[in-house]
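Overview (structure and organization)
Listed here are the chains, written in short residue letters.
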Amino acid sequence: MTNSIQPSDYRELPCDACTRGQALGFDFSMAFQPIVDVSTRTVMGYEALCRGLNGEGAGQVMSQVDDSNLYRFDQTCRVKAIALAAQLKLRGYLSINFLPNAVYRPELCIRTTLAAAREHNFPVERIMFEITEAEKVSDSAHLRRIVDYYQRSGFTTALDDFGAGYAGLNLLASFHPDVLKLDRELISGVDEAPVKKIILRHTLAMCRDLDIIPLAEGVETRAEFDTLVAMGVERFQGYFFARPGFEALPEVNWPL
């Protein structure tokens with residue numbers, strides 16, 4: 001996806017217009033999936049995932065997004081996630097995916113997010129922005145400016161889908177996220193995959209050296225979970241604990 005948006009397109013959008021999808025031209029909602037810390041058996045927060053109004057998957061929503069409405073979609077996702085999280089009385093972090101190619105100037109593009117946080121009384125320090133590695137970012141210096149500004153503004157940052165996207169270690173070297181989300185492809189069947197264990201062991205050592213929190217996403221089986229715990233992983237997300245709840249905060253199935 002190339003960015004053909006003009007600077008004049010980037011303007012603060014009214015929170016109510018975003019909530020109702022008026023600024024975008026189509027409407028959608030959110031599901032929430034828990035992020036847990038098994039060392040303390042607590043829910044650290046929830047990731048907001050876009051869904052159709054009747055619970056359709058993210059693919060159905062994303063099929064309506066292109067260069068012409070990318071910025072408005074990114075802004076609407078943030079406002080909807082914050083509004084629903086506040087309505088559901090979400091505790092802990094609210095994790096929101098953001099599209100680096102939709103951000104022209106971070107100090108301008110963040111205004112709608114800050115306005116939504118104020119309107120819904122949701123603390124900025126409990127918002128985590130996930131930068132997906134699956135979106136190609138051609139300007140790493142621009143990404144660094146975005147992340148630096150977000151961190152200075154009090155937001156937590158995470159690099160999502162690590163190990164599955166375009167840039168890998170080069171993207172990690174471009175900025176210093178607070179959290180590194182290990183992609184499902186690295187996690188799937190790790191209990192029976194010696195090569196994956198080696199990769200994950202070194203990745204976890206790198207996280208320790210860089211003072212970054214590793215988070216295993218897409219965990220689906222007890223064997224995967226046990227293997228990762230033995231390797232020192234404490235933060236998890238995946239069907240093993242809970243499926244996303246449509247406009248709801250699902251209960252966590254804690255392992256015995």
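Here the structure is a predicted model, which means the values were calculated and not measured. (Residues numbered from 1 in each chain as written. Predicted model: local features only at pLDDT ≥ 70, side-chain atom pairs only at ≥ 80, totals over all residues. Heavy atoms only, no water.)

Here we come to the overall build of the protein. On a plain count of helices and strands, the protein comes out with 10 helices and nine strands. Expressed as a percentage of its 256 residues, the buried residues of the protein come to 50%. Looking at the protein alone, contacts between residues at least 24 apart form 69% of all its contacts between residues at least 6 apart. Roughly 11800 Å² of accessible area belongs to the protein as shown, and the carbon and sulfur atoms make up 49% of that amount. (Helix = DSSP H or I, 4+ residues; strand = E, 2+ residues; numbered from the N terminus. Buried < 20%, exposed > 50% of the residue type's maximum accessible area, 1.4 Å probe, protein only. Contact = heavy atoms within 4.5 Å. Areas by Shrake-Rupley, 256 points an atom, 1.4 Å probe, with all protein chains shown as cover.)

This part takes up unusual backbone geometry. Across the chain, the bulk of peptide bonds are trans and the bulk of non-glycine residues have phi less than zero. The backbone phi angle of Arg-41 is positive, close to 50°, even though this residue is not glycine. Structurally, Arg-41 is set in the loop between β1 (29-37) and β2 (42-51). We classify Arg-41 as partly exposed; its relative accessible area is 47%. Even without being a glycine, Glu-247 presents a positive backbone phi close to 50°. Note on placement: Glu-247 falls in the segment after β9 (245-246).

Time to look at the pattern of salt bridges. Taken as a whole and assessed by the stated rule, the structure comprises 10 salt bridges. For Glu-130, the salt bridge identified is with Lys-181, shortest N-O distance 2.9 Å. Remark: Lys-181 occurs in strand β6 (residues 179-182) and Glu-130 occurs in strand β4 (residues 127-132); sequence separation between them is 51 residues. You can call Glu-130 buried: its relative accessible area is 0%. With a closest N to O distance of 3.0 Å, Arg-222 and Asp-226 form a salt bridge. Remark: Asp-226 and Arg-222 occur in helix α10 (residues 222-230); sequence separation between them is four residues, near one turn of the helix. (Salt bridge = Lys/Arg side-chain N within 4 Å of Asp/Glu carboxyl O.)

Right, let's talk about the packing of aromatic side chains for a bit. As enumerated under the stated definition, the model contains 11 aromatic pairs in all. Measuring from ring centre to ring centre gives 6.5 Å for Phe-241 and Trp-254, while their planes differ by 75°; the resulting arrangement is edge-to-face. Of this pair, Phe-241 sits in the loop between β8 (235-237) and β9 while Trp-254 sits in the segment after β9, placing them 13 residues apart in sequence. Assessed through its relative accessible area of 23%, Trp-254 is described here as partly exposed. Within the aromatic cluster, the residues linked to one another by ring pairs are Phe-225, Phe-236, Phe-240, Phe-241 and Trp-254. Seen from the ring of Phe-122, Arg-126 lies directly overhead, with NZ or CZ sitting 4.6 Å from the centre. (Phe/Tyr/Trp six-rings, centres within 6.5 Å; stacked < 30°, edge-to-face > 60°. Lys NZ or Arg CZ within 6 Å of the ring centre and 35° of its normal.)

With that settled, the discussion passes to the environment of Val-179. When you line up the elements, Val-179 lands in strand β6. As for Val-179 and Asp-211, which are separated by 32 residues in sequence, their C-alpha atoms are 9.1 Å apart. Ignoring anything within four residues of it in the chain, the contact list for Val-179 reads Met-128, Thr-157, Ala-158, Leu-159, Ile-212, Ile-213 and Leu-215.

Detailed reading of predicted coordinates is not advised where the pLDDT is low. Per-residue pLDDT for the protein averages 86, and the proportion of residues at 70 or more is 83%. Of the regions scoring below 50 in pLDDT, residues 1-10 engages in 23 contacts with residues more than four places distant in sequence or in other chains. (pLDDT = per-residue confidence, 0-100.)

This next bit is on the nonpolar core. Counting 61 residues, the largest nonpolar core has Phe-28, Met-30, Phe-32, Phe-73, Leu-94, Leu-228 and Phe-236 as its most contacted members. Looking at this core element by element, the count peaks at eight residues for helix α3 (residues 70-87). Not counting chain neighbours up to four residues away, the residues in contact with Leu-228 comprise Ile-187, Val-190, Leu-200, Ala-216, Val-219, Val-233 and Phe-236. Of all hydrophobic cores here, the second largest spans five residues; its members include Ile-35, Met-128, Ala-158 and Val-179. (Core = buried A, V, L, I, M, F, W, Y, C linked by side-chain atoms within 4.5 Å.)

For the rest of this paragraph, the subject is the pairing of β1. Judged by how many residues are buried, β1 sits mostly within the fold: nine of nine residues are covered. Burial along β1 is two-sided: Ser-29, Ala-31, Gln-33, Ile-35 and Asp-37 facing one way and Met-30, Phe-32, Pro-34 and Val-36 facing the other are all buried. Note that β1 and β2 share nine bridges and pair antiparallel. Note on β2: the bridge partner recorded for Asp-37 is Thr-42. Hairpin geometry of β1 and β2 is characterised by an intervening segment of four residues between the two adjacent antiparallel strands and by a positive phi of about 50° at Arg-41. (Pairing = 2+ DSSP bridges.)

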